[in-house]
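# Breakdown of the fold
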Amino acid sequence: MLNQMREVPLLLQLCDKDSSPVELQLQLSRDILKKCQDLLIPNALLMFGDFFRTGAFYGYRMFPTFGLLSQVYSATSPLYPNKLANLQGQILRTRPDLSQPYVVMYKDRNGNAVTSGMLWRILSVFAQKLNATLELSLDPTSSQVNSIKSGYFKLLEQIQNDEIDITISIYPMIMSSRRHIAMFSTPVAVRGLCTMLPVERMLSPRAAIRGVLESPWMWVYIAIIYCLTRWIRKRRLLGRALLILIPSLIQLTLLCTVVAQLSALFIHPQRLQFISTLDQLQAAGLRIVGLHSSFNQYPEEMRIKYASSFISYENMTKFVLLRNSLNTSYGYTVYGLKWHFYAELQSYFKRPLFRYSTDICIFRQSLNSLLFRENFLHRHQLNLYIVRLRQSGILNFYMRHNFYDLLHAGQHKLEDLSPQNEITPLKYTDIDFILRLYGYAMAASILIFVFELLSYYINVCLNTL
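Residues take numbers from 1 onward in each chain, read along the sequence in its written order. Per-residue local features are limited, in this predicted model, to residues with pLDDT of at least 70; the limit for side-chain atom pairs, both in listing and counting, is 80 or more; totals at the level of whole chains, interfaces and linings are taken over all residues. Note: side-chain values were computed over all heavy atoms of the structure, leaving out hydrogens and water.

### Side note on the packing of helix H3 (residues 118-129) against helix H13 (residues 394-408)
Angular values range over 0 to 180 degrees, each being the angle between N-to-C directions of two axes fitted as lines to C-alpha atoms, with helices fitted over their stretch in contact. Going along the chain from the N terminus, every DSSP run of H or I of four or more residues is numbered as a helix, and every run of E of two or more is numbered as a strand. H13 packs onto H3 with a crossing angle of 130 degrees between their chain directions and a minimal axis gap of 8 Å. In terms of their interaxial angle, H3 and H13 are classed as oblique. Mapping the contact onto sequence places Met118, Arg121, Ile122 and Val125 in H3 and Leu395, Tyr398, Met399, His401, Asn402 and Asp405 in H13. Note that the term roughly parallel is reserved for angles under 35 degrees, roughly antiparallel for angles over 145, roughly perpendicular for angles of 65 to 115, and oblique for everything else. Throughout, a contact is declared for two residues whenever any of their heavy atoms are within 4.5 Å.

In structure tokens form, the structure reads like this:
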């Protein structure tokens with residue numbers, strides 16, 4: 001009856017016809033209240049049938065060790081003092097799944113073991129607030145987990161076996177069944193699983209200039225100007241002084257338009273088409289790398305229609321190493337919290353390599369919480385503590401600090417991985433197609449001139465005959 005509500009005030013009364021000896025009352029009280037401590041019922045009181053005559057009742061001290069308390073009822077004294085405010089050094093057992101950047105473990109220069117990370121700070125300050133001792137235990141047979149899902153089920157089994165009190169890892173609530181939902185805390189993070197895509201590459205000078213000449217609007221503009229010039233000549237309006245300047249002004253406008261477009265290409269080079277849909281992703285030939293364990297969570301259309309655009313890794317360590325290398329040949333699935341790290345890392349680059357795309361997402365929002373034992377005594381205090389961290393902005397500060405934790409641990413280095421572009425003069429290969437186009441135009445002009453000469457001399461010859 002008291003499952004998930006063991007902390008409610010509980011009053012037990014032993015009804016006996018005759019008054020029991022004091023020694024028997026003490027023994028019964030010790031046995032019953034010790035059982036309450038084992039069942040994690042902190043607010044339990046016990047009284048006997050002679051309470052209304054003697055006013056005596058029994059409670060117990062829960063921390064640091066069990067102690068029977070014999071009390072006399074008084075209207076001014078509290079019946080149920082808050083026993084959970086001071087744990088007197090009680091141990092809170094926790095265990096991580098070694099998922100970075102939430103928990104980072106390394107050795108400093110002096111060889112001392114150091115534990116840091118967002119979740120470690122949250123739980124260590126929480127334990128300090130309760131005057132408890134946070135005990136971090138590791139499974140000696142485990143290393144980096146293969147997936148978030150496997151880490152969840154492994155830690156869930158350890159919690160059910162009463163090996164730990166609370167995890168130092170966060171998991172989406174959608175992983176849990178209905179009977180396990182009460183074992184999740186207030187959401188620590190609201191994150192989505194989206195993609196980090198390579199920043200669209202700049203066009204080469206050759207492709208940029210070709211793009212200007214291949215623009216249909218450029219040729220439409222030239223055709224309009226040509227037709228306007230021919231119309232003015234046929235109307236014989238060029239005899240007037242002001243109208244003589246019109247063809248030259250039109251040609252100057254055309255020349256300035258072309259020069260302006262070419263100058264814009266050199267001042268702010270164009271980029272490839274912005275990828276915002278899976279169709280554009282497939283057309284660009286870019287593939288997204290993710291975990292095989294997460295593939296079943298993809299939307300059905302994404303798994304069926306665009307399966308060829310995804311690469312799945314079985315091993316999480318290999319996937320993380322590939323993503324941390326910032327190889328721009330692929331895109332990667334990434335949680336929103338993890339993207340904060342990559343965004344901070346790229347702020348030290350001359351130009352960013354990746355961008356966070358919210359247009360291509362596996363799921364846009366997921367509630368992620370800590371996992372604790374079924375009747376965790378401090379869950380209400382923990383939930384209130386998490387809410388206050390979020391409202392005060394301290395939680396966001398911890399998230400941003402993950403970047404420096406990984407730097408101190410030697411997981412990453414502050415080095416510019418962006419490609420270095422050297423400013424060089426235009427080469428022949430950049431404008432060779434323009435020279436070829438000019439050559440074709442000259443050849444066509446010469447052929448037309450030759451044909452006109454031939455037709456003229458043929459007519460002369462025929463007339464002389």
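### Considerations on the sheet that holds strand E12 (residues 310-313)
Strand pairing is assigned whenever DSSP detects at least two bridges linking the two strands. Spatial strand order, E8-E5-E9-E14-E10-E13-E11-E12: 8 strands in an open sheet with mixed pairing. What marks the edges here is a single partner per strand, and that holds for strand E8 (133-136) and E12. Between one strand axis and the next, the sheet turns through 30 degrees on average, direction left out of account. Sheet topology places strand E9 (residues 166-172) next to strand E14 (residues 354-372); 4 bridges connect them, and they run antiparallel. Bridge pairing links Pro172 to Asn368 in E14. Docked against the sheet, helix H11 (residues 336-346) engages E9, strand E10 (189-198), strand E13 (330-335) and E14, running at close to 125 degrees with respect to E13.

### Comments concerning the pairing of strand E5 (residues 91-95)
Pairing of E5 with E8, which is carried by 4 bridges, proceeds in the parallel orientation. Considered in E8, the bridge of Ile91 is made with Thr133. Summarising the sheet, E5 and E9 pair through 2 bridges and their orientation is parallel. Counted as the bridge partner of Arg95 is Thr167 from E9.

### Description of the side chain of Arg95
Counting through the fold element by element, Arg95 comes out in strand E5. Throughout, exposure labels follow a simple rule: accessible area from a 1.4 Å probe, protein chains only, divided by the maximum for the residue type, with under 20% read as buried, over 50% as exposed, and the rest as partly exposed. On the basis of relative accessible area, Arg95 is assigned to the buried category, the value being 11%. Within the structure, the side chain of Arg95 is placed 3.1 Å from the side chain of Gln158, a separation counted as a polar contact. The definition of a polar contact used here is a pair of N or O atoms within 3.5 Å, where within protein one atom must be able to donate a hydrogen and the other to accept one, and adjacent residues in sequence count solely through side-chain atom pairs.

### As for the UniProt feature "transmembrane region" (unreviewed entry) in the chain
UniProt positions are given in the numbering used here, feature names are shortened, and annotations may be inferred rather than shown by experiment. In the UniProt entry, the feature "transmembrane region" (unreviewed entry) is given for residues 211-229, 241-267 and 437-458. End-to-end, the C-alpha atoms of residues 437-458 are 31 Å apart, and along that stretch the chain is 100% helix and 0% strand.

### A few points about unusual backbone geometry
Residue Pro64 is bonded to the preceding Phe63 through a cis peptide linkage, with omega at -5 degrees. Tracing the backbone shows Pro64 in the loop between strand E3 (56-61) and strand E4 (67-72). Positive phi, close to 55 degrees, is recorded for Gln88, a residue that is not glycine. Taking relative accessible area as the criterion, Gln88 reaches 42% and is therefore assigned partly exposed.

### Notes on the nonpolar core
Core analysis: the biggest nonpolar cluster contains 44 residues, and Leu119, Ile122, Ile170, Val188, Leu370 and Leu382 have the highest contact counts within it. When residues of this core are traced back to their parent elements, those giving at least two are helix H1 (22-38), strand E2 (44-48), E3, H3, E9, E14, helix H12 (379-392) and H13. Broken down by element, this core gets its largest block of residues, 7 residues, from H3. Not counting chain neighbours up to four residues away, the residues in contact with Leu382 comprise Leu123, Phe126, Ile166, Ser185, Leu370, Phe372 and Phe376. Only buried residues count toward a nonpolar core, which is a set of Ala, Val, Leu, Ile, Met, Phe, Trp, Tyr and Cys residues joined through side-chain atoms within 4.5 Å. Formed by 24 residues, the second largest nonpolar core is a distinct cluster that contains Met316, Phe341, Leu345 and Leu406.

### Structural notes on the pattern of salt bridges
A side chain of one charge can pair with a side chain of the opposite charge if their charged atoms are brought near each other. The salt bridge criterion pairs a side-chain nitrogen of Lys or Arg with a carboxyl oxygen of Asp or Glu, the two atoms within 4 Å. Applying the stated criterion to the full structure yields 8 salt bridges. A salt bridge links Asp162 to Arg93, with the shortest nitrogen-to-oxygen separation between them at 3.1 Å. Of this pair, Asp162 sits in the loop between helix H4 (148-160) and E9 while Arg93 is found in strand E5, placing the two residues 69 residues apart along the sequence. Among the ionic pairs, Arg373 bridges to Asp165, the shortest N-O distance being 3.0 Å. Residue Arg373 is located in the loop between E14 and H12, and its partner Asp165 is located in the loop between H4 and E9; the two are separated by 208 residues in the primary sequence. By the burial criterion, Arg373 is buried, and Asp165 matches it. A cluster of three or more residues bridged by salt bridges with shared partners is formed by Arg93, Asp162, Asp165 and Arg373.

### A few points about a nonpolar patch on the surface
On the surface, Ile446, Leu447, Phe449, Val450, Phe451, Leu453, Leu454, Tyr456, Tyr457, Ile458, Val460 and Leu462 cluster together to form a nonpolar patch covering roughly 1200 Å² of accessible area. Considering the arrangement of structural elements, one finds Leu462 in helix H14 (residues 428-464). Leu462 gets classed as exposed once you look at its relative accessible area, which sits at 56%. A residue counts toward a patch only above 30% relative accessible area and without a salt bridge, and it is joined to like-charged neighbours within 9 Å or, for Val, Leu, Ile, Met, Phe, Trp and Tyr, to nonpolar neighbours within 5 Å. Working definition of accessibility: Shrake-Rupley area with a 1.4 Å probe, residue cover restricted to the visible protein chains.

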